Amino acid sequence: MPETKKKLLEVKGLTMDFGGLRAVDAVSLEVSTGEIVALIGPNGAGKTTFFNCVTGIYNPTKGEVLVHPPEKKTQRINGFKPNRVTTIGMARTFQNIRLFHNMTVLENVMIGRHCRTTTSIVGAIMRGASTKRQEQETIEKSYELLKKVGLVNFADEFAKNLPYGAQRRLEIARAMATDPFLLLLDEPAAGMNPQETKALDELIVRIRDTEKIAILLIEHDMKLVMNISERIYVMEYGKEIAQGTPMDIRSNPRVIEAYLGEEADA
Ligand SMILES: Nc1ncnc2c1ncn2[C@@H]1O[C@H](COP(=O)(O)OP(=O)(O)OP(=O)(O)O)[C@@H](O)[C@H]1O
Ligand SMILES: [Mg+2]
């Protein structure tokens, strides 16, 4: 029996000004359980700024960012710090990969896990029994995640030595280590070759289906977006110009117009 969908993220009229520039202009968007939702639009449309407002990097100028964590009460998270947003259950990756390059692949995932463990600095130094147990659990959980993203054979490699596509998957594993109910991916396929993109496509669907994590994704690869998204929102110059199913979006004249320039470049 299909589970009933529940709203997880509800953004209403989100606006973000940088001085005189309105980078995001009254954008509303929702993501529910079991969904893969895409946010698309030409370069500079305001997609990353939207993510930054939702994940606590910026405090939006106007609008509401409401989170409905499963089994918990709704929270308005405007102005919450990024760590707090992660602890609530929303994790993200970055358009420009942010890994600890001189740490191992395993350690990068373990760091993500840190927000779910109680080990204090003092605990880590004293290394009491509970600290050791938690550390062991963190290691095991991190290995599990590396298996899920297909990187377990690289566990002891420095992150900087991974091929680009693998670094992007490592970022996803690190975000998953925080036990999110919603994962926000900012251009996860950027710089990937077609084989890597196909593997990513499958990974994202698997995360949604097996891990029960909803996905909000910014992506320029239209094949990937059209393949896996339930719903798509389109932004241009900070404004939301369309939303709908992949079929709606593909045939929407405004979207085609907004993308013509980009397709001519591609
Ligand atoms: N911190 C900032 N200060 C000033 N302007 C900013 C800042 N961050 C983003 N902008 C501006 O806001 C607009 C939207 O940028 P944003 O990075 O959100 O676009 P995007 O849709 O993610 O584009 P891309 O597809 O190229 O990643 C751009 O004009 C950008 O220059
Ligand atoms: Mg961006």
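Residues numbered from 1 in each chain as written. Chains lettered and ligands numbered in written order. Predicted model: local features only at pLDDT ≥ 70, side-chain atom pairs only at ≥ 80, totals over all residues. Heavy atoms only, no water.

Observations concerning the packing of helix 3 (residues 105-113) against helix 6 (residues 164-176)
- Interaxial distance between helix 3 and helix 6 falls to 7 Å at its minimum, and their mutual angle equals 35°. Of the two possible hands of crossing, helix 3 and helix 6 adopt the one that is right-handed. Every residue of helix 6 that contacts helix 3 at Val105, Asn108, Val109 and Gly112 is listed here: Leu170, Ala173 and Arg174.
- Grouping the constituent residues of the contact of helix 3 with helix 6 by class yields four nonpolar, two polar and one charged. (Axes fitted to C-alpha atoms, helices over the stretch in contact; angles between N-to-C directions. Helix = DSSP H or I, 4+ residues; strand = E, 2+ residues; numbered from the N terminus. Left-handed = near helix turned anticlockwise from the far one by under 90°. Contact = heavy atoms within 4.5 Å. Nonpolar A, V, L, I, M, F, W, Y, C, P; charged D, E, K, R; others polar.)

Examining helix 3
- Within helix 3, the full set of buried residues consists of Val105, Leu106, Asn108, Val109, Gly112 and Arg113. Mapping the buried residues of helix 3 onto a view down its axis gives an arc of 160°, with all of them on the same face.
- Tucked inside the fold, the buried residues of helix 3 contact helix 5 (129-148) and helix 6. (Buried < 20%, exposed > 50% of the residue type's maximum accessible area, 1.4 Å probe, protein only. Arc of directions from axis to C-beta.)

Some details on the coordination of the magnesium ion (ligand 2)
- Distances from the magnesium ion (ligand 2) to its protein donors, Thr48 (OG1) and Gln95 (OE1), fall at 2.0 to 2.2 Å. Residue threonine 48 is located in helix 1 (residues 47-54), and its partner glutamine 95 is located in the loop between strand 6 (90-92) and helix 3; the two are separated by 47 residues in the primary sequence.
- On the basis of relative accessible area, threonine 48 is assigned to the partly exposed category, the value being 26%. (Donors = N, O, S within 2.8 Å, 3.2 Å for Na, K, Ca; no water.)

A word on the pairing of strand 4 (residues 62-67)
- The pairing of strand 1 (residues 7-18) with strand 4 spans five bridges and is classified as antiparallel. Bridge assignment links lysine 12 to a residue of strand 4, and that residue is glutamate 64.
- Bridge analysis of strand 4 against strand 5 (residues 75-76) gives two bridges, and the strand direction is antiparallel. By the bridge assignment for strand 5, leucine 66 is matched with arginine 76. (Pairing = 2+ DSSP bridges.)

Quick look at the site of ligand 1
- Around ligand 1, the structure places 15 residues, and the nearest of them are Gly44, Lys47, Thr48, Thr49 and Gln95.
- At 2.6 Å, a side-chain N or O of threonine 49 approaches an oxygen atom of ligand 1.
- In this structure, glutamate 187 approaches ligand 1 through a side-chain N or O atom, which is 3.5 Å from an oxygen atom.
- Taken by itself ligand 1 offers 640 Å² of open surface, and the protein chains cover 64% of this.
- The set of elements that each furnish at least two residues to the shell around ligand 1 consists of strand 2 (21-32) and helix 1.
- In terms of residues, the shell around ligand 1 owes the most to one element, helix 1, which gives three residues.
- Here the shell around ligand 1 is composed, by residue class, of six nonpolar, seven polar and two charged. (Near = heavy atom within 4 Å. Polar contact = N/O pair within 3.5 Å; in protein donor to acceptor, adjacent residues only side chain to side chain. Areas by Shrake-Rupley, 256 points an atom, 1.4 Å probe, with all protein chains shown as cover.)

Quick notes on the domain arrangement of the protein
- Domain assignment breaks the protein into domain 1 (1-89 + 180-266) and domain 2 (100-178).
- Of note, the centres of domain 1 and domain 2, computed from C-alpha atoms alone, are 26 Å apart.
- Every contact between the two is made by 21 residues of domain 1 and, on the other side, twelve residues of domain 2.
- Taken together, the two surfaces of domain 1 and domain 2 that pack against each other cover about 1,300 Å², and 66% of this comes from carbon and sulfur.
- For the pair domain 1 and domain 2, the number of links is one salt bridge. (Domains from an automatic or database assignment. Buried area = accessible area lost by both parts, 1.4 Å probe. Salt bridge = Lys/Arg side-chain N within 4 Å of Asp/Glu carboxyl O.)

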